[in-house]
Amino acid sequence: MYEPIRTKSVHSTMADAPTDFPHRSREEELDIQLAGHLAALLAVTDELRALAPSADLDTAAERLAEQVARLRGGGAPARASLTSVTSQPRLADLHRRAHAVAGRALLVAASRADTAAAILAAERMDSHAAALEPRELATH
């Protein structure tokens, strides 16, 4: 009823593929992912610094930039320029976004066993949660 296949398949498998393309290890992938989350947190931190300058945010931005540079092999992260814009509701939204991004960074740092990045992400989560507490309580 069916005839057997007599020719080689046109579909390739990974077993047949040459190994001349670069592969990344799990650790390298986690480094890339963690650097991305920390860079996103740095961008939000820079936005917050533009709206509500503080020494805590300045210190956090510098520490985040150091961690991103370390994970990227010394490449300095892109930084947002500090220009003041908009109002307080935006500030709360930025704190919420920063808290969420710091949480993602904490998860990746924990799975990667990167203590320095995990501590920094946890500190940033605490800081942004504290910044939101009075506003969140006032809305309920």
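The following paragraphs examine the structure supplied in this document. (Residues numbered from 1 in each chain as written. Predicted model: local features only at pLDDT ≥ 70, side-chain atom pairs only at ≥ 80, totals over all residues. Heavy atoms only, no water.)

Brief notes about the overall build of the chain
Phase 1 of the analysis: A tally of helices and strands in the chain yields four helices and zero strands.
Phase 2 of the analysis: Buried residues in the chain amount to 32% of all 140 residues.
Phase 3 of the analysis: A fraction of 74% describes how many contacts in the chain between residues 6 or more apart in sequence connect residues 24 or more apart. (Helix = DSSP H or I, 4+ residues; strand = E, 2+ residues; numbered from the N terminus. Buried < 20%, exposed > 50% of the residue type's maximum accessible area, 1.4 Å probe, protein only. Contact = heavy atoms within 4.5 Å.)

Examining the packing of helix 1 (residues 26-51) against helix 2 (residues 55-71)
Phase 1 of the analysis: Relative orientation of the contacting elements helix 1 and helix 2 amounts to 155°, with a least axis distance of 9 Å. What the angle tells us is that helix 1 and helix 2 run roughly antiparallel. Both helix 1 and helix 2 take part in a crossing whose hand is left-handed. Listed contacts from helix 2 to Asp31, Leu34, Ala35, Leu38, Ala39, Leu41, Leu42, Thr45, Asp46, Leu48 and Arg49 of helix 1 are Leu57, Asp58, Ala61, Leu64, Ala65, Gln67, Val68 and Leu71.
Phase 2 of the analysis: When the residues that make up the contact of helix 1 with helix 2 are grouped by side-chain class, the tally is 13 nonpolar, two polar and four charged. (Axes fitted to C-alpha atoms, helices over the stretch in contact; angles between N-to-C directions. Parallel < 35°, antiparallel > 145°, perpendicular 65-115°, else oblique. Left-handed = near helix turned anticlockwise from the far one by under 90°. Nonpolar A, V, L, I, M, F, W, Y, C, P; charged D, E, K, R; others polar.)

Some thoughts on unusual backbone geometry
Phase 1 of the analysis: If you check the backbone angles, Ala113 has positive phi at about 60° while not being a glycine.
Phase 2 of the analysis: In this fold, Ala113 is placed in the loop between helix 3 (88-112) and helix 4 (115-139).

Topic: helix 2
For an α-helix, 3.6 residues make a turn, and residues three or four places apart therefore share a direction.
Phase 1 of the analysis: Along its 17 residues, helix 2 runs 24 Å from first to last C-alpha, staying within 8% of the 24 Å computed at 1.5 Å per residue.
Phase 2 of the analysis: Along helix 2, the positions that sit buried rather than exposed are Leu57, Ala60, Ala61, Leu64, Ala65, Gln67, Val68, Ala69 and Leu71.
Phase 3 of the analysis: Gly73 occupies a position one or two residues after helix 2 and carries a positive phi of about 75°. (Expected span 1.5 Å × (residues − 1).)

Comments concerning the side chain of His128
Phase 1 of the analysis: Mapped onto the secondary structure, His128 falls in helix 4.
Phase 2 of the analysis: The contact partners of His128, leaving out residues within four places of it in the chain, are Leu41, Leu48, Leu57, His95, Ala98 and His99.

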